[in-house]
Each structure stands twice: as C-alpha cells, then as structure tokens.
Amino acid sequence: MKKRPYLRIILYIAFLVAMYLILTWLGKGAKIPFSLYHNKAIDKTPAHIIHMEKIGEWEFLSIRDEELVDTVKKHFFRPGDQLARIYSGTLRLGINFDQCDSLWATYLGDSAILSLPAIDLLDQNFIDEARSRSFFERGEWSAEEREEMYQRAQTRMKARCLTPENKKRAEENARTQLEALFRTMGYRVVEITIAPSSSQP
Amino acid sequence: MRSIKYFVLSTLLCTTACRQKENISEVPTSQDDTTLLIQRISEQSRLYTTECLVHKIVTHDDVLRLQGSILGMKYDHALDLGDRKIAIPIDVTLKAYIDFSSFDEGNVEKKDGFIHITLPDPEVEVTASKVEHKQVRQYTGFLRSRYSDSEMSDFTRQGVESIIQSLPEMGLIQKARENAATLLMPIIQRMGYEADHIVITFRNDLEKTSPVPTPMEGGTILLNYPTQP
C-alpha cells in the first residue's frame with residue numbers, strides 16, 4: 001500500500017479542529033488549542049574574504065540614488081505578473097591613483113604642481129542590493145529576470161548620475177580640497193591640472 | 001452518465017488548450033519601466049585605501065511547527081510538508097577610507113626636518129552588495145508558498161548586517177592604516193623629506209606608522225549602514 005504522509009497531518013489537524021469544536025460546544029470557554037510558528041532569522045553561516053587589496057581612490061562627490069524598476073509579464077487568461085523593486089546605490093566620483101603617472105605631483109620651491117587624471121566613476125559596482133527593497137510582487141520571477149532588472153537599474157543610475165554637471169562639480173571640489181591639503185602641507189602656490197572627462201556616462 | 005463523461009472530457013481539453021496558449025503569450029509581452037525616487041548629492045574628500053570583497057551564503061531554514069496545548073498537555077510538532085529552505089549567495093564590497101574633509105594645519109607638525117602627520121582613523125563603508133541570482137536555490141514543502149521577493153531582500157539585508165558584525169575579526173582597519181601610510185609616504189618623500197623623518201599617526205591611537213608599519217590593534221568602525229531598509 002502506498003504511503004501518504006500528508007494524510008496523517010490532515011487527520012491530525014481535523015482531530016484538533018474537532019476537539020476545539022467539541023470543547024466550545026460544551027461551553028468550557030476553550031482557547032484556540034494550536035498555533036503555527038516559523039522563524040524569520042537567517043542561519044549562522046561563515047563569511048569568506050575573497051580578497052583584501054590596496055587601492056588609492058580619492059572620492060570628491062557621492063551621489064546616492066534610488067530607482068524604482070518595474071517589470072510586467074502579461075497573460076491571456078489571468079492577471080499579469082508584476083515585480084517592482086527599489087534599487088539603492090551610491091555612485092562615487094573621484095580620482096583613481098592607479099591612473100596617475102609617477103610624476104603626478106612635482107614641487108618647485110613653495111609651489112606644488114599637480115597633474116591628475118580625469119574625474120570618473122571610481123567603482124562600477126555601486127548598487128547595494130541589501131538596501132534595495134521589494135515594492136510589489138505578483139507571480140514568479142526567474143533569476144535571469146531579476147538579474148536583468150539589476151542591470152537595468154545600474155544602467156539607469158549611471159545615465160542619471162554621471163552627468164557633465166556632476167563631473168564638473170566633483171572636479172571643482174577636487175581642486176578646492178587638494179589645494180587646501182597642499183597649502184596645509186606648506187605650499188603657498190598650488191597648480192592643479194585635471195584631464196578632461198569623457199562625455200559618455 | 002455518458003453525457004457527463006463527455007462534458008468532463010471536453011472541459012479538460014478546453015482547459016489544456018487554453019493553458020498552452022497562455023504559455024505562448026508569456027514571452028513577448030513584458031513591459032519595463034524605471035522611475036527616479038531619490039537623488040542625494042554630497043561633496044566629499046575621502047581617500048579609499050583598502051577594498052575587501054566578502055562572500056557569504058545566506059541560508060534560511062523555515063520549519064513550520066504546530067504548537068499549543070490541549071487538555072493541559074503541551075505539544076510541539078514539526079510539519080513534514082511545511083518545511084522550506086533557501087540559500088542566497090551574496091558578494092559584499094567593503095572599503096576603508098580616510099576622511100580628509102576636516103584635515104587642517106592642526107594635523108601637520110614640522111620640526112627639525114621631521115614631519116608628523118596625524119590622520120583621522122580609517123572608517124569602513126559597505127559600497128556594494130550583489131546577490132548571485134542564478135545561484136539562489138530554494139526548496140518548498142507541500143504546505144508552503146515560495147519565498148517572496150520581500151523575504152529574500154530581508155535575508156540579504158540580515159546577511160550584510162552579520163558581515164558587518166564580523167568586521168573586527170577581518171583586520172580591515174589595520175590594513176587600511178598600513179595602506180594609507182604606504183600611499184602617502186611617496187607623496188611626502190617627493191616633498192623632500194627623508195623616509196625616516198616622516199611620522200604618520202592616527203587620531204584614535206598613539207602608535208606610529210613609520211615606513212615599515214607596525215601591527216596595531218583596535219580602531220574605529222563607523223558604518224553608515226541602516227538596520228532597516
């Protein structure tokens with residue numbers, strides 16, 4: 001005979017419901033005799049460091065951006081599936097010292113002459129999915145569809161934030177900050193040349 | 001009786017036909033949209049010196065339990081078909097930086113050919129986190145629904161928070177101090193100072209970071225990471 005594990009549970013629940021009804025009927029003032037419990041906390045698992053490396057990125061402007069990305073799948077006979085997520089990311093604009101040549105800073109008496117690369121996005125990986133949140137969900141969504149939404153949020157954020165205005169603002173702040181820093185170090189004249197940024201986001 | 005059988009059969013055929021059509025219509029008719037919600041711009045002066053990529057598999061084991069008491073007898077029974085599990089692999093990028101926005105004359109001291117620079121202590125920030133969607137696995141029992149997008153987002157957030165809690169064990173602050181010194185030393189040397197005439201210290205400790213950095217303990221971990229999204 002075939003074993004039916006779910007039958008046992010159904011019978012068990014039916015028994016509890018029957019007991020509850022009997023006790024209520026007898027006027028005993030019975031409370032609900034069962035409750036369902038499930039945990040919401042994640043398990044304890046180890047975290048592995050993939051790499052820890054030296055970098056030299058000087059950030060002069062940060063743009064925190066949130067984008068609502070919405071996607072819909074239409075069906076013929078039933079309501080369409082819909083997923084809306086709010087992606088959160090911080091785009092950091094600045095100078096990467098890896099792109100500087102060895103003579104990016106030269107000194108002549110009380111003058112410091114700085115020749116810096118263009119202001120650019122410091123890290124292409126800027127979306128914080130842990131801070132992104134679900135807004136609306138109906139239906140089932142595949143990993144490919146979720147990945148596609150992530151990519152779309154990334155493209156959209158870059159288009160909105162990497163504007164010539166923001167790059168110019170970052171460049172102006174770079175000049176202000178570096179001039180102040182080198183004046184603090186004792187240089188009265190600070191000449192700063194920053195390579196022009198590309199217009200592409 | 002025969003007419004009832006024909007009716008049931010025709011209904012089944014009709015339903016199957018409709019279901020096939022529904023599957024076909026799923027592929028081409030998707031619509032996408034993006035909307036800007038918030039954009040906050042702020043001027044900074046932060047020197048990021050260390051990057052750390054951490055991988056974690058966030059797991060959640062959700063056993064549905066039937067608990068209660070009946071006629072004074074307590075019971076706690078795990079429902080075999082009410083179990084569900086999920087594994088979410090995440091990659092988290094942490095970066096340590098020195099904030100130069102409040103750096104001024106008070107941080108630089110020159111005396112007898114020596115230069116002593118006091119830097120603010122490194123701070124750590126989560127700059128990115130990414131779910132490996134294609135590697136997510138979930139198993140759902142007969143009595144349970146699949147994990148929702150909202151639940152998965154919550155587990156991802158909890159995973160990042162647990163990584164932040166384990167930060168002191170990673171030695172990121174110590175590495176950030178060493179890297180900051182390594183980055184700044186050549187710049188100061190080009191100003192005309194001998195390597196052994198340069199002293200770099202950090203505000204929150206008294207240990208000196210000289211050309212060959214010495215091991216240091218402690219440090220401040222400042223994370224602007226919200227506990228709630």
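Quantities reported herein were computed from a predicted structural model and do not represent experimental measurements.

(A) Representation of the overall build of chain A. Of regular secondary structure, chain A possesses three helices and eight strands. Helices (α) and strands (β) of chain A occur, in sequence order from the N terminus, as α-β-β-β-β-β-β-β-α-α-β. The buried share of chain A, reckoned over its 201 residues, is 25%. Taking the contacts inside chain A whose residues are at least 6 apart along the sequence as the reference set, 75% of them involve residues at least 24 apart.

(B) Spotlight on the overall build of chain B. Of the regular secondary structure elements, chain B holds four helices and eight strands. Considering chain B as a whole, with its 229 residues, one finds that 26% of them fall into the buried category. Considering only residue pairs separated by 6 or more positions, chain B has 79% of its internal contacts joining residues 24 or more positions apart.

(C) Broad picture of the interface of chain A and chain B. With 80 residues of chain A in contact, the opposing surface of chain B contributes 90 residues. Looking at the side of chain A that touches chain B, the elements that each hand over two or more residues are helix 1 (5-25), strand 1 (35-37), strand 2 (47-73), strand 3 (81-96), strand 4 (105-108), strand 7 (133-138), helix 2 (143-161) and helix 3 (164-184) of chain A. If one sorts the elements of the side of chain A that touches chain B by residue count, strand 2 of chain A sits on top with 27 residues. Partitioned by chemical class, the residues of the side of chain A that touches chain B number 36 nonpolar, 19 polar and 25 charged.

(D) Geometry of the sheet that holds strand 5 (residues 111-116) of chain A. Residues and elements named next belong to chain A. Here we have three strands laid out as an open sheet, ordered 4-5-8, and mixed in their pairing. Only two strands of the sheet have a single partner each, and these edge strands are strand 4 and strand 8 (189-194). The sheet shows a mean angle of 15° between the axes of neighbouring strands, direction not considered. The sheet contact formed by strand 4 and strand 5 spans four bridges and is antiparallel. Within strand 5, the position partnered with Leu108 by the bridge is Ser111.

(E) Broad picture of the confidence of the model for chain B. Residue and element names in this part refer to chain B. Residues with a pLDDT of 70 or more make up 75% of chain B, whose mean pLDDT is 78. The low-confidence segment residues 11-29, where pLDDT is below 50, has 12 contacts with residues more than four positions distant or belonging to other chains. Note that residues 206-229 has pLDDT below 50 and, in this model, 44 contacts with residues that lie over four places away or in other chains. Predicted complex metrics record ipTM = 0.81 and pTM = 0.77.

(F) How the structure looks around helix 3 of chain A. With 21 residues, helix 3 of chain A extends 30 Å from end C-alpha to end C-alpha; this agrees with the ideal 30 Å at 1.5 Å per step. Those residues of helix 3 of chain A that sit buried are A:Asn166, A:Lys167, A:Ala170, A:Glu171, A:Asn173, A:Ala174, A:Leu178 and A:Phe182.

(G) Structural context of the nonpolar core. Membership of the largest hydrophobic core comes to 61 residues, with the highest contact counts inside it found for A:Phe60, A:Leu93, B:Leu47, B:Ile88, B:Val92, B:Leu94 and B:Leu172. At eight residues, strand 2 (residues 73-99) of chain B tops the list of elements feeding residues into this core. In contact with B:Leu47, other than residues within four places in its own chain, are A:Trp58, B:Tyr97, B:Ile98, B:Phe100 and B:Ala180.

(H) Helix 2 (residues 149-165) of chain B, seen in detail. Taking 1.5 Å per residue, 17 residues should reach 24 Å; helix 2 of chain B reaches 25 Å between its end C-alpha atoms and fits that length. Listed in full, the buried residues belonging to helix 2 of chain B are B:Met152, B:Ser153, B:Asp154, B:Phe155, B:Thr156, B:Arg157, B:Gly159, B:Val160 and B:Ile163.

(I) Here's a closer look at the environment of A:Thr106. Positionally, A:Thr106 belongs in strand 4. A sequence separation of 85 residues divides A:Thr106 from A:Glu191, and the C-alpha atoms of the two residues are 10.0 Å apart.

(J) Fine view of the pairing of strand 3 (residues 108-111) of chain B. Residue and element names in this part refer to chain B. Across four bridges, the pairing between strand 3 and strand 4 (residues 114-119) is antiparallel. Looking across to strand 4, one finds that Glu109 is bridged to His116. Taking the residues between adjacent antiparallel strands as the criterion, strand 3 and strand 4 are bridged by two residues, where Asp112 takes a positive phi near 50°.

(K) Spatial organisation of the confidence of the model for chain A. Residue-level pLDDT values for chain A average 88, and 89% of them are 70 or greater. Mean pLDDT across the secondary structure elements of chain A bottoms out at strand 1 of chain A, with 67, and peaks at strand 6 (residues 120-121) of chain A, with 96.

(L) Highlighting unusual backbone geometry. Residue and element names in this part refer to chain B. With a phi angle near 50°, Asp112 is a residue other than glycine that sits in the positive phi range. Locating Asp112 in the fold gives a position in the loop between strand 3 and strand 4. Residue Asp112 is classed as exposed on the basis of its 5 C-beta neighbours within 10 Å.

(M) Region of the structure containing the environment of A:Leu114. All names here are of chain A. Looking at the element boundaries, Leu114 is found in strand 5. Of the residues examined, Leu114 has 19 C-beta atoms within 10 Å and is grouped as partly exposed. Between the C-alpha atom of Leu114 and that of Ile192, which follows or precedes it by 78 residues, the distance is 4.8 Å. Other than its neighbours up to four places away in sequence, Leu114 contacts Trp104, Ala105, Leu178, Glu191, Ile192 and Thr193.

(N) Spatial organisation of the environment of B:Val54. Relative to the helices and strands, B:Val54 is located in strand 1 (residues 30-70). Spatially, the C-alpha atom of B:Val54 lies 37 Å from that of B:Gly106, the residues being 52 residues apart in sequence.

How each quantity is defined
- Residues numbered from 1 in each chain as written.
- Chains lettered and ligands numbered in written order.
- Predicted model: local features only at pLDDT ≥ 70, side-chain atom pairs only at ≥ 80, totals over all residues.
- Helix = DSSP H or I, 4+ residues; strand = E, 2+ residues; numbered from the N terminus.
- Buried ≥ 20, exposed ≤ 12 C-beta atoms within 10 Å, placed from the backbone.
- Contact = placed C-beta atoms within 7 Å.
- Nonpolar A, V, L, I, M, F, W, Y, C, P; charged D, E, K, R; others polar.
- Pairing = 2+ DSSP bridges.
- Axes fitted to C-alpha atoms, helices over the stretch in contact; angles between N-to-C directions.
- pLDDT = per-residue confidence, 0-100.
- Expected span 1.5 Å × (residues − 1).
- Core = buried A, V, L, I, M, F, W, Y, C linked by C-beta atoms within 7 Å.

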